[in-house]
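# Structural features, examined
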Amino acid sequence: MPMTPFTLLLFIGIFLSQVDGREPSSVTGLKLSRVVIVHRHGDRSPITPMADEAYWASTLPDKHTLEAIERTTEVVKDSDLNEFLDSSSSRSGMPQESKHLAKGGPIFGQLSQLGLFQMIALGAQLKAELDEALGLSVEPSDVTVYSTDFPRTIQSVQGTLMGMFDNAEAPPPVFKVEASYTQIMIPDPQPRNSKEQVALEKVLTETEEFQMAEESMIPLAKKATSILRASGLLGQMADSVSFGVGEEKDASNAAAAADKPLPWGQLSEVTKCLLVRELLPSSITEEEQKKIMLHSAGRWFKLLRHPKMASLAMGPFVRLLMKVVEADDGTPVSIISAHDSTLIGAICALRLENPSVWPEYASCLKIEVFDAPNGGKFLRISLNGEVLGSTELEGDLFAVGEIKRLVFDSAGGSEKEL
């Protein structure tokens, strides 16, 4: 996988301002004991099927590279996720594995060569930061790993681990990757974890404010969709893809879908993938592509900022996250490989301020866990080095108990025993 100057420039900016050297404020006597990393996967091919399969296949890592990184992990998929679900969840007791349309296929929705480079570089950066912050040389035995059961997220964390522990003089370590919890690690599992979330998504997308914002953007959606279809870039099955909170369609009725604009999630991801590779039709300007991205992002924030929606969509993930945060297993580092929707969903559920920019590929949500002298735990949370304040709490350090109260009690939900 040759590293070109163009490739390097594309992802090196991700790591600027990653190190936050500020000391924790407001509470004295704290000691950093643990760091939890939730990162987005690296650059990928479009999830939406495209016409030129040969081109998009050429952007992916070769077979030998994938086999090499796969040898460093053992993927586990049979753990019970029901401990993180409310007993009222419609998924409680259901089979854990389901086919999410955003998972992609052999070519589409897959980690690219560029994406793998990004994750290896992220791993090297994280290793240096963690060693300095924790005051020790982080070893493979110090790390626990989680991932959604998507090839691109598993390969991404394999790249991260390679970047952290690439020692040619020693046999490569084998990491256990817990991939059983996909259905609670994204806000839009298919099917949803509760009928209540399905109903609330419908209510929220039908509000006057939401509909007015949608109507103002319909002309751009129609224009961009028309150009993409006329360009011959989209594949025959492009209208069969459906994903996103408040945006899923009847994927079985592709003929009807072909008469409508592509959903915002698809427009955003297709135009982004094309823009990065300088393939975006010139009749869609970069400014218009930016508007598409911002509108798509705004939809996620509007929906997931609703307290009850945040609890329904991301409450189970927060339970998992708090279990990882409070773990006393002797491993000071946990890495969770997921998606932009995971990062945004977590930010909304944890009542954190919106980041200044949408989490790009290989973005990193860092949760620093500080132990207090009285036995309590406090969290400081940053996205790509930008410390995020709370929409409801003061300062930049938050007691774990307060976080749980915000996520569950204020939304009318119940906190399940961890």
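Notes on the structure in this doc start here. (Residues numbered from 1 in each chain as written. Predicted model: local features only at pLDDT ≥ 70, side-chain atom pairs only at ≥ 80, totals over all residues. Heavy atoms only, no water.)

### A few points about the overall build of the chain
- The helix and strand tally for the chain stands at 14 helices and nine strands.
- Within the chain, the fraction of its 418 residues that count as buried is 57%.
- A separation of at least 24 residues holds for 81% of the contacts in the chain among residues at least 6 apart in sequence.
- As displayed, the chain offers around 18000 Å² of accessible surface, 54% of which is attributable to carbon and sulfur atoms. (Helix = DSSP H or I, 4+ residues; strand = E, 2+ residues; numbered from the N terminus. Buried < 20%, exposed > 50% of the residue type's maximum accessible area, 1.4 Å probe, protein only. Contact = heavy atoms within 4.5 Å. Areas by Shrake-Rupley, 256 points an atom, 1.4 Å probe, with all protein chains shown as cover.)

### A few points about unusual backbone geometry
- Note the cis peptide between Gln 190 and Pro 191, where omega equals -5 degrees.
- Among the structural elements, Pro 191 can be located in the loop between helix H6 (182–185) and helix H7 (195–205).
- For Glu 278, which is not glycine, the phi dihedral falls at a positive 60 degrees.
- Structurally, the position occupied by Glu 278 is in the loop between helix H10 (264–276) and helix H11 (286–304).
- The exposed category is assigned to Glu 278, whose relative accessible area is 68%.
- Residue Arg 351 is not a glycine yet carries a positive backbone phi of 60 degrees.
- By the element assignment, Arg 351 lies in the loop between helix H13 (340–349) and strand E6 (364–371).
- Taking the relative accessible area as the measure of exposure, Arg 351 reaches 5% and is therefore buried.

### A word on the pairing of strand E7 (residues 377–383)
- Counting buried residues in E7 gives six out of seven residues, a clear majority hidden from the surface.
- As paired elements, E6 and E7 share seven bridges and run antiparallel to each other. Paired with Phe 370 across the strands is Phe 378, a residue of E7.
- What sits between E6 and E7 in their antiparallel hairpin is a turn of five residues, with Gly 375 showing a positive phi close to 95 degrees.
- One ladder, built from two bridges, connects E7 with strand E9 (residues 398–399); its direction is antiparallel. Residue pairing across strands places Phe 378 opposite Ala 399, the latter belonging to E9.
- In the sheet, E7 pairs with strand E8 (residues 386–387) via two bridges, with the strands oriented antiparallel. (Pairing = 2+ DSSP bridges.)

### Details of the packing of aromatic side chains
- Within this structure, the stated rule accounts for four aromatic pairs.
- Centroid distance Phe 84 to Tyr 181: 5.3 Å. Interplanar angle 85 degrees. Geometry classified as edge-to-face. Of this pair, Phe 84 sits in the loop between strand E2 (73–76) and helix H4 (113–134) while Tyr 181 sits in the loop between strand E4 (175–178) and H6, and the two are 97 residues apart along the sequence. The same class applies to Phe 84 and to Tyr 181, which are both buried. (Phe/Tyr/Trp six-rings, centres within 6.5 Å; stacked < 30°, edge-to-face > 60°.)

### Topic: the packing of helix H12 (residues 307–325) against H13
- Running from amino to carboxyl end, H12 crosses H13 at an angle of 100 degrees, the nearest separation of the two axes being 9 Å. In terms of axis orientation, H12 runs roughly perpendicular to H13. Only Thr 342, Gly 345, Ala 346, Cys 348 and Ala 349 of H13 make contact with H12, whose side of the interface consists of Ala 310, Met 314, Phe 317 and Val 318. (Axes fitted to C-alpha atoms, helices over the stretch in contact; angles between N-to-C directions. Parallel < 35°, antiparallel > 145°, perpendicular 65-115°, else oblique.)

### Some details on the pairing of strand E3 (residues 143–147)
- For E3, a buried count of five out of five residues is recorded, marking the element as mostly surrounded by other parts of the structure.
- On E3, burial covers both faces: Val 143, Val 145 and Ser 147 on one face and Thr 144 and Tyr 146 on the other are all buried.
- Where E3 and E4 come together, two bridges link them in parallel fashion. The partner of Val 145 across the bridge, within E4, is Val 177.

### Here's the deal with H12
- Taking 1.5 Å per residue as the helical rise, H12 with its 19 residues ought to reach 27 Å, whereas the 22 Å between its terminal C-alpha atoms falls clearly short.
- Of all the bends found along H12, the most pronounced is centred on Met 314 and spans about 60 degrees, while Pro 316, a proline, follows it within four residues.
- Across the 19 residues of H12, 17 count as buried, placing the element largely inside the fold. (Expected span 1.5 Å × (residues − 1). Bend = angle between axes of the 7 residues up to and from the residue.)

### Digging into the pattern of salt bridges
- For the structure on display, the rule yields 21 salt bridges.
- Note that Glu 201 and Arg 192 form a salt bridge whose closest N and O atoms lie 2.7 Å from each other. Of the two residues, Glu 201 and Arg 192, both sit in the buried class. (Salt bridge = Lys/Arg side-chain N within 4 Å of Asp/Glu carboxyl O.)

### Looking at the nonpolar core
- Counting 55 residues, the largest nonpolar core has Leu 320, Leu 321, Leu 365 and Leu 379 as the members making the most contacts within it.
- Top contributing element to this core by residue count: H12, with twelve residues. (Core = buried A, V, L, I, M, F, W, Y, C linked by side-chain atoms within 4.5 Å.)

### Description of the packing of H11 against H13
- The contact between H11 and H13 brings their axes to 9 Å, and the two run at 35 degrees. You can see that H11 and H13 cross each other, and the crossing is right-handed. Residue-level contacts link Trp 300, Phe 301 and Leu 304 of H11 to Ser 341, Ile 344, Gly 345 and Cys 348 of H13.
- Split by residue class, the contact of H11 with H13 holds five nonpolar, two polar and no charged. (Left-handed = near helix turned anticlockwise from the far one by under 90°. Nonpolar A, V, L, I, M, F, W, Y, C, P; charged D, E, K, R; others polar.)

### A look at the environment of Lys 377
- Secondary-structure assignment places Lys 377 in strand E7.
- Assessed through its relative accessible area of 23%, Lys 377 is described here as partly exposed.
- On a C-alpha basis, the gap between Lys 377 and Glu 326 in space is 8.0 Å, while along the polypeptide they are 51 residues apart.
- When near neighbours in sequence (up to four residues on either side) are disregarded, Lys 377 contacts Ser 33, Val 325, Glu 326, Val 369, Phe 370, Asp 371, Phe 398, Ala 399 and Val 400.
- For Lys 377, the side chain forms a polar contact with the side chain of Asp 371, separated by 2.8 Å. (Polar contact = N/O pair within 3.5 Å; in protein donor to acceptor, adjacent residues only side chain to side chain.)

### Concerning the environment of Ser 231
- Mapping Ser 231 onto the fold places it in helix H8 (residues 208–231).
- For Ser 231, a relative accessible area of 36% translates into the label partly exposed.
- Residues Ser 231 and Leu 280 lie 49 residues apart in sequence; the distance between their C-alpha atoms is 9.8 Å.
- There is a polar contact of 2.7 Å between the side chain of Ser 231 and the backbone oxygen of Leu 228.

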